[in-house]
Amino acid sequence: RLADYEFYAATLSVGALELMEKGDIDGAKRVLATDLSAYVRSKAKEVPSSHEAVLLQQIQKTSEHSPMLKGDASETLGVSHTSESNQSLEPTAGRRDDTI
């Protein structure tokens, strides 16, 4: 249900905003990075749709300059580009490096 997604997004947003307002930027980054890593894990065994592939690529790009996301995501899985034309991402089994 859309209402469930809206509730989840609002809960995540208010939690991160509250941490930022208190000056805990690293805490807010941790909340967001943990959520993004959970999303990547949930998609690890699926072939992503085109819009999911775009989001996964953005997460990967962000992880390149986000120590918080890079650290959290690198513990979960690695993915590689399978096709530049369709922008899909695919899990890379057994790989442990600094990419999502």
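Residues numbered from 1 in each chain as written. Predicted model: local features only at pLDDT ≥ 70, side-chain atom pairs only at ≥ 80, totals over all residues. Heavy atoms only, no water.

Participant: When you look at the overall build of the chain in this model, what are you seeing that I'm missing?
Facilitator: Secondary structure summary: the chain contains four helices and two strands in total. Order of helices (α) and strands (β) in the chain, N terminus to C terminus: α-α-α-α-β-β. Sorting the 100 residues of the chain into buried and exposed places 27% on the buried side. Across the chain, every contact between residues at least 6 apart in sequence was considered, and the portion connecting residues at least 24 apart equals 40%. Split by element, the accessible area of the chain, about 6700 Å² in all, is 57% carbon and sulfur. (Helix = DSSP H or I, 4+ residues; strand = E, 2+ residues; numbered from the N terminus. Buried < 20%, exposed > 50% of the residue type's maximum accessible area, 1.4 Å probe, protein only. Contact = heavy atoms within 4.5 Å. Areas by Shrake-Rupley, 256 points an atom, 1.4 Å probe, with all protein chains shown as cover.)

Participant: When you look at the packing of helix H2 (residues 25-43) against helix H3 (residues 50-63) in this model, what are you seeing that I'm missing?
Facilitator: Two quantities define a packed helix pair, namely the angle between the axes and the distance from one axis to the other. The geometry of H2 relative to H3 is characterised by a closest axis approach of 11 Å and an angle of 135 degrees between their N-to-C directions. What the angle tells us is that H2 and H3 run oblique. The two elements H2 and H3 cross, and the hand of that crossing is left-handed. Seen from H2, the contacting residues are Leu 36, Tyr 39, Val 40 and Lys 43; seen from H3, they are Glu 52, Leu 55, Leu 56 and Ile 59. Classifying every residue of the contact of H2 with H3 gives six nonpolar, no polar and two charged. (Axes fitted to C-alpha atoms, helices over the stretch in contact; angles between N-to-C directions. Parallel < 35°, antiparallel > 145°, perpendicular 65-115°, else oblique. Left-handed = near helix turned anticlockwise from the far one by under 90°. Nonpolar A, V, L, I, M, F, W, Y, C, P; charged D, E, K, R; others polar.)

Participant: Help me understand the side chain of Glu 52, please; the structure alone is not making it clear to me.
Facilitator: Relative to the helices and strands, Glu 52 is located in helix H3. Residue classification places Glu 52 among the buried residues on the basis of a relative accessible area of 15%.

Participant: Any chance you could explain the nonpolar core here in plain terms?
Facilitator: Nonpolar side chains tend to gather and get buried jointly when the protein is soluble and globular. Residues Ala 33, Val 40, Leu 56, Ile 59 and Leu 69 constitute the largest nonpolar core, which totals five residues. Of all the secondary-structure elements, those providing two or more residues to this core are H2 and H3. (Core = buried A, V, L, I, M, F, W, Y, C linked by side-chain atoms within 4.5 Å.)

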